[in-house]
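Coordinates in review
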Amino acid sequence: MKISASILAAKMTALSTILPTFKKENIDYIHMDVMDGNFVPQISFGEAITKEVGELTDIPLDVHLMVAKPEDHVQKYLELKPYCVTFHIETTHFAVRLAEEIRKAGCKVGVSLNPATPPEAISTILPYLDLVLLMTVDPGFYGQSFIKTGFEKIEKVRKMTSPYGIELEVDGGVNESNIRELEKLGVDLCVVGSGLFKTGNPNEQGKKLKDLAKG
Ligand code: DX5
Ligand code: ZN
């Protein structure tokens, strides 16, 4: 199991102390939750903070755009050379064009689905994707509970994505209690916010979650 640390749940002013403690074997990616106060209720941070976070660590960035019209914003993030840029299928009419633009820039393309969005919403664009990010909470806040129908949806989406070699990432409410089950269902990558940062030592907790996932 790979772990992507959602810094939304961290104390922002302490990031310059916390991030250098992260070891690549425990934390695979830094998950950047970009929120615009439009697609989701809150405003979090944009490309300037994303750039600064990238300068604090060698761990690659996993950018999660929770913004309306992602095609108007993507370029600023591509310039930062993250591992992956993920946009929401609910936010654009131009998913294929956007996916091609992201790949052309040398980044992995991710598409995210809200809990209420059916898996079929991405069935015709699978060949254009490298990653699917399944939300297991409604996006907008850290610290929410994993939704009851999450496991069922993961199973359905895994069947759709595996023939294409697409990575499956799960975001929302992941913690010690469910990471083993997520591993068994074939999830490749878990975003963890409060499950990391609300513990005393997020780097150590990354290792613990990976060990729990292995069983
Ligand atoms: C929610 C964000 C998540 C969130 C995860 O809108 O996309 O990445 O910060 O936080 P936890 O793990 O606390 O649910
Ligand atoms: Zn996220």
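What counts as what
- Along each chain, residues carry numbers from 1 onward, in the same order as the chain's sequence is written.
- Whichever chain is written first is A, and whichever ligand is written first is 1; the rest continue in order.
- Residue-level local features of this predicted model are given only where pLDDT is at least 70; pairs of side-chain atoms are given and counted only at 80 or more, and the full residue set underlies all totals for whole chains, interfaces and linings.
- With hydrogens and water set aside, each side-chain value is computed from the structure's full complement of heavy atoms.
- The donor set comprises N, O and S atoms within 2.8 Å of the metal, extended to 3.2 Å for Na, K and Ca; water molecules are omitted, so apparent gaps in a site may simply reflect that omission.
- The geometry test gives tetrahedral to four donors whose angles all lie between 85 and 135 degrees, gives square planar to four donors and octahedral to six donors whose opposite members are over 155 degrees apart with all other angles between 65 and 115, and gives irregular to the rest.
- Elements are defined by DSSP. Helices are runs of H or I of four residues or more, strands are runs of E of two residues or more, and each kind is numbered from the N terminus.
- Burial classification: accessible surface area is computed with a 1.4 Å probe over protein chains only, and a residue below 20% of its type maximum counts as buried, one above 50% as exposed, and the rest as partly exposed.
- A pair of aromatic rings is counted whenever rings of Phe, Tyr or Trp (Trp by its six-membered ring) have centres within 6.5 Å, and the orientation is called stacked for planes under 30 degrees apart, edge-to-face for over 60 and tilted otherwise.
- Here, over-ring charges are defined by two tests on the NZ atom of lysine or the CZ atom of arginine: distance to the ring centre within 6 Å, and angle to the ring normal within 35 degrees.
- Nearness is judged by heavy atoms alone; a residue qualifies as near a molecule or strand once a single heavy atom is within 4 Å of it.
- The term polar contact refers here to a pair of N or O atoms within 3.5 Å; inside protein, the definition further demands a hydrogen-donor-capable atom paired with an acceptor-capable atom, and it admits residues adjacent in sequence only when both atoms are side-chain atoms.
- For the accessible areas, the method is Shrake-Rupley and the probe is 1.4 Å, while residue cover comes only from the protein chains on display.

**Brief notes about the coordination of the zinc ion (ligand 2)**
- Of the protein atoms, only H31 (NE2), D33 (OD), H64 (ND1) and D171 (OD) coordinate the zinc ion (ligand 2), at distances of 2.1 to 2.3 Å.
- Taken together, the six donor atoms surrounding the zinc ion (ligand 2) define angles of 71 to 171 degrees at the centre, an arrangement classified as octahedral.
- Read from N- to C-terminus, the donor residues coordinating the zinc ion (ligand 2) fall into the pattern H-x1-D-x30-H-x106-D. Within this pair, whereas D33 is found in strand 2 (residues 29-35), its partner H64 is found in strand 3 (residues 61-66), the two being separated by 31 residues in sequence.
- Classification of D33 by relative accessible area gives buried; the value is 5%.

**Description of the packing of aromatic side chains**
- Counted according to the given criterion, the structure contains three aromatic pairs.
- Summarising the aromatic geometry, the rings of F22 and F197 are spaced 6.1 Å apart at their centres and angled 40 degrees between planes, so their arrangement reads as tilted. Of the two residues, F22 sits in the loop between helix 1 (15-18) and strand 2 while F197 sits in helix 7 (residues 194-197), which places them 175 residues apart along the sequence. For the pair F22 and F197, one class covers both residues: buried.
- When the centroid spacing of 4.4 Å and the interplanar angle of 20 degrees are considered together, the rings of Y29 and Y83 count as stacked. Remark: Y83 occurs in the loop between helix 3 (74-78) and strand 4 (84-88) and Y29 occurs in strand 2; sequence separation between them is 54 residues.
- Taking relative accessible area as the criterion, Y83 reaches 19% and is therefore assigned buried.
- Looking at R97, its charged tip hangs above the ring of F94, at a distance of 4.6 Å from the centre.

**As for the site of ligand 1**
- Taken together, 20 residues surround ligand 1, and among them G140, G143, D171, G193 and S194 come closest.
- In the environment of ligand 1, an oxygen atom lies 2.7 Å from a nitrogen or oxygen atom belonging to the backbone of G140.
- Between an oxygen atom of ligand 1 and a main-chain N or O atom of G193, the distance comes to 2.8 Å.
- Here ligand 1 loses 100% of its free accessible area of 380 Å² to cover by the protein chains.
- When residues of the shell around ligand 1 are traced back to their parent elements, those giving at least two are strand 2, strand 3 and strand 8 (189-192).
- For the shell around ligand 1, the element with the most residues is strand 2, which contributes three residues.

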